[in-house]
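Chain by chain, the residues:
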Amino acid sequence: MSPPADPSETPLSPLASADDVTTYARDLPAPQPHTEAELEALLGLLAMKPQPRTVAIGHSRDGPSSAAAEAFASAWQARGGQVLAVVPWPETAASWLRPATRLTAGGPDAWVIAAGVLGFAQLARRLRHSTDFDPARAFAFATLSDSRLTALTGPAALHGLRGASADGGTWDVRRGWITSYPRTGERV
């Protein structure tokens, strides 16, 4: 992928190029069922100060992503949080505008994402191009901790995104790099 000369430049189209999809989306793993450790780590990430009260949850339409979104919604509401929207999307779409606007409607405090890499990469490009989505207020399940995500979105598009790993560790995106952190109390 050829990044723009100036990372603040917005591409003319929010869609990833066919070349980038061919290069980076080959052999992407399917989303896996979430783990309890992953769900707890994700909830822990959202315990930041000030703690978000409202979230919008987005997910791919595959079984594991749908189940992860449902589990998060239940856990969030059990802790007194409010879910403003649960927005599913397909892995391929013509523009991604509809799910992007539904996910950002109502001004949630945070977004939680359970998705496959390619579908979310395309949606993330649309979110950054057409909405007030801020990846520093977004949190994701383990499937998205794949370096091909930032290759498909561009290095600045998801700066600040944080997520949970299946083993209960965490990860984040900084300047196009995904860094993983062990579960609290674990040695590296």
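Residues numbered from 1 in each chain as written. Predicted model: local features only at pLDDT ≥ 70, side-chain atom pairs only at ≥ 80, totals over all residues. Heavy atoms only, no water.

A. Summary view of the overall build of the chain. If you tally the helices and strands in the chain, you get six helices and seven strands. Counted from the first residue to the last, the chain has its helices and strands arranged as α-α-β-α-β-α-β-α-β-α-β-β-β. Across the 188 residues of the chain, 47% fall into the buried class. Only carbon and sulfur atoms are counted for the fraction: they give 53% of the accessible area of the chain, which is about 9,300 Å². (Helix = DSSP H or I, 4+ residues; strand = E, 2+ residues; numbered from the N terminus. Buried < 20%, exposed > 50% of the residue type's maximum accessible area, 1.4 Å probe, protein only. Areas by Shrake-Rupley, 256 points an atom, 1.4 Å probe, with all protein chains shown as cover.)

B. Examining the pattern of salt bridges more closely. Enumeration over the complete set of coordinates arrives at three salt bridges. A salt bridge links arginine 79 to glutamate 40, with the nearest nitrogen and oxygen atoms 3.0 Å apart. Of this pair, arginine 79 sits in the loop between helix H3 (63–78) and strand S2 (82–89) while glutamate 40 sits in helix H2 (residues 36–45), placing them 39 residues apart in sequence. For glutamate 40, a relative accessible area of 42% puts it in the partly exposed group. (Salt bridge = Lys/Arg side-chain N within 4 Å of Asp/Glu carboxyl O.)

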